[in-house]
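Topology and contacts: notes
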2 protein chains.
Amino acid sequence: MNDKRDGKVEQVVDTLRAEITGLVLVPGQVLSRPALQERFGLSSTPLRDALIRLEGEGLVEIRPQSRTTVSLIDLEAAHRAHILRRALDMEVAQLVLSADAGPTLDAMAAVLERQAQLLGPDDRDAFDALDTEFHLLQYLCVGMEELWRMTQARSGHINRIRRMNLAARDNTSRILEDHRAIHAALVAGDPAGVAQAVRHHLTRSANTVGPLREVNPSFFR
Amino acid sequence: MNDKRDGKVEQVVDTLRAEITGLVLVPGQVLSRPALQERFGLSSTPLRDALIRLEGEGLVEIRPQSRTTVSLIDLEAAHRAHILRRALDMEVAQLVLSADAGPTLDAMAAVLERQAQLLGPDDRDAFDALDTEFHLLQYLCVGMEELWRMTQARSGHINRIRRMNLAARDNTSRILEDHRAIHAALVAGDPAGVAQAVRHHLTRSANTVGPLREVNPSFFR
DNA sequence: CGTGATCAACTGATGCATCAGTATGTCCAT
DNA sequence: ATGGACATACTGATGCATCAGTTGATCACG
């Protein structure tokens, strides 16, 4: 990504990504390039760049000479993204143990407190943002922000599943419990405990799909 | 990546990537778009696509309105790629343990035998290809070829360091020894042993840079 | 009615001229 | 000698017309 070339393109990508993962633009929906050009005030080449970028994230499907659509949710891709996320969370947590992590552990504790005040189904967006912050802090602590951004760039399928699950069930207290276990193991400086807690959390975080697919079969590949 | 659009683009990317990682195109070298267009027989837009792709892999640096150069070797990026690789190798190895891995373990054993016949400094390209195969087999076994391709797409800096190290020292017997330990732990079905062997291998594989940088300081960021 | 062929409208990809920014060389002042 | 200003050549980005392929509607035939 190249800021001088891509400033406007990135804004378009961010906006469309949010609308796709927020299910404002639904799976299978056709995207009209002329309409997008007009909406975002850019011409064909930068819009093409933006759509190719989104295609790389698995969020849109460009059919040459034909049309561009919001991609259907691909469970295999979601699974791969989940494996990647788990692998990196495990590795980063071990690196945090070897790092000067005092300030990070403090910041993570503050996140836990804020999360504790948001338990329940009502403030899920805020809780979700804190969830992200809890994990991002670890990546930042060990200088791996770019790897975090990479996992996020591949999380479109997962994020859409999460979005569809939002109203279906409340798992905030379970997430908080897992986060607390991770934090405690990091504070204790226990490599095996950290590995176990992270793996446990990321394994439990695999989102259920069956019921969602029954309600919206056309959303899935 | 979109085959119908990108068939020719991918060929260009593959060729240039090989030349960059093989140090035929050296760090800092200016790439002339008109010359590349003529060489590969394509016009500005697909060549632009190819160069943007290579930029995404960290292999070229596109300076808007100015010029495009082969990227300097970035040690931080190399380190991140190495962390990613280690994390995924660890995760994939654990997945292999849970999989029906008989044929894969057999194929890996065959690779070990071929590697044993290539010890020493003379057939490093062939040894390297087998090294890749040894790891790729595990990813394929658990359906994670795409994640393997992702690690490779981020290995440009590492691969160039390896290339520069090729003539400097012979580590083939050490690599083979590590591979044998990984294979043995997989055969034994020992999760902890697998984790230890993979981590050991990937930690030992971090390539030395100091002497290379002294010989070719202009190659490094 | 079902199937296949044809055609026109539509879409994304490409080619290329123009635009926007960069880099270098030259000249001048200190 | 050094630094700044300026002009010019060069580069990559963009805009837009054209090209290449897709899709859906219509028609003909069995």
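**Focus: the protein's contact with DNA strand D**
- If you check the shell around DNA strand D, you find 19 residues, and the closest are A:Arg5, A:Ser43, A:Gln65, B:Gln65 and B:Ser66.
- In DNA strand D, atoms within 4 Å of the protein come 72% from sugar and phosphate.
- Here A:Thr45 contributes a side-chain N or O atom positioned 3.1 Å from a base nitrogen of DNA strand D.
- In this structure, B:Arg33 approaches DNA strand D through a side-chain N or O atom, which is 3.4 Å from a phosphate oxygen.
- Sorting the residues of the surface near DNA strand D by element identifies helix H3 (44-56) of chain A together with strand E2 (60-63) and strand E3 (67-70) of chain B as the ones contributing at least two each.
- Broken down by element, the surface near DNA strand D gets its largest block of residues, 3 residues, from H3(A).

**Some thoughts on the domain arrangement of chain A**
All names here are of chain A.
- Domains assigned within chain A are domain 1 (3-70) and domain 2 (75-213).
- When each unit is reduced to the centre of its C-alpha atoms, the spacing between domain 1 and domain 2 is 28 Å.
- Tallying the contact residues gives 9 residues for domain 1 and 7 residues for domain 2.
- Both sides together, the interface formed by domain 1 and domain 2 hides about 670 Å², and carbon and sulfur atoms give 62% of it.
- Ranking the residues of domain 1 by area buried against domain 2 places Thr-21, Leu-23 and Glu-57 at the top, with a combined share of 57%.

**Looking at helix H8 (residues 156-165) of chain A**
- Along H8(A), 7 of the 10 residues are buried, which leaves the element largely enclosed by surrounding structure.
- Looking at the buried side of H8(A), the elements it contacts are helix H1 (3-21), strand E3 (67-70), helix H4 (75-98), helix H7 (145-153) and helix H11 (210-215) of chain A.

**Re the relation of the copies chain B and chain A**
- Turning chain B through 180° and shifting it by 0.0 Å along the axis lays it on chain A, with an RMSD of 0.0 Å. Both chain copies can therefore be described as sitting about a two-fold axis. No C-alpha of chain B approaches the rotation axis more nearly than that of B:Ala87, which lies at 2.5 Å.
- Most of the interface of chain B is mirrored in chain A, where 96% of its interface residues again form contacts.

**What to know about the protein's contact with DNA strand C**
- For DNA strand C, the set of nearby residues contains 19 residues, the closest of which are A:Gln65, A:Ser66, B:Arg5, B:Ser43 and B:Gln65.
- Each atom of DNA strand C within 4 Å of the protein was classed as base or backbone; sugar and phosphate made up 74%.
- Take A:Gln65: an N or O atom from its side chain is 2.7 Å from a base nitrogen of DNA strand C.
- B:Ser66 is positioned such that a nitrogen or oxygen atom in its side chain is 3.1 Å from a sugar or linking oxygen of DNA strand C.
- Those elements that provide at least two residues to the surface near DNA strand C are strand E2 (60-63) and E3 of chain A together with helix H3 (44-56) of chain B.
- With 3 residues, H3(B) is the single largest residue contributor to the surface near DNA strand C.
- Classifying every residue of the surface near DNA strand C by side-chain character gives 4 nonpolar, 8 polar and 7 charged.

Conventions and cut-offs
- Residues numbered from 1 in each chain as written.
- Chains lettered and ligands numbered in written order.
- Predicted model: local features only at pLDDT ≥ 70, side-chain atom pairs only at ≥ 80, totals over all residues.
- Heavy atoms only, no water.
- Near = heavy atom within 4 Å.
- Polar contact = N/O pair within 3.5 Å; in protein donor to acceptor, adjacent residues only side chain to side chain.
- Helix = DSSP H or I, 4+ residues; strand = E, 2+ residues; numbered from the N terminus.
- Domains from an automatic or database assignment.
- Contact = heavy atoms within 4.5 Å.
- Buried area = accessible area lost by both parts, 1.4 Å probe.
- Buried < 20%, exposed > 50% of the residue type's maximum accessible area, 1.4 Å probe, protein only.
- Least-squares fit on C-alpha atoms with pLDDT ≥ 70 in both.
- Nonpolar A, V, L, I, M, F, W, Y, C, P; charged D, E, K, R; others polar.

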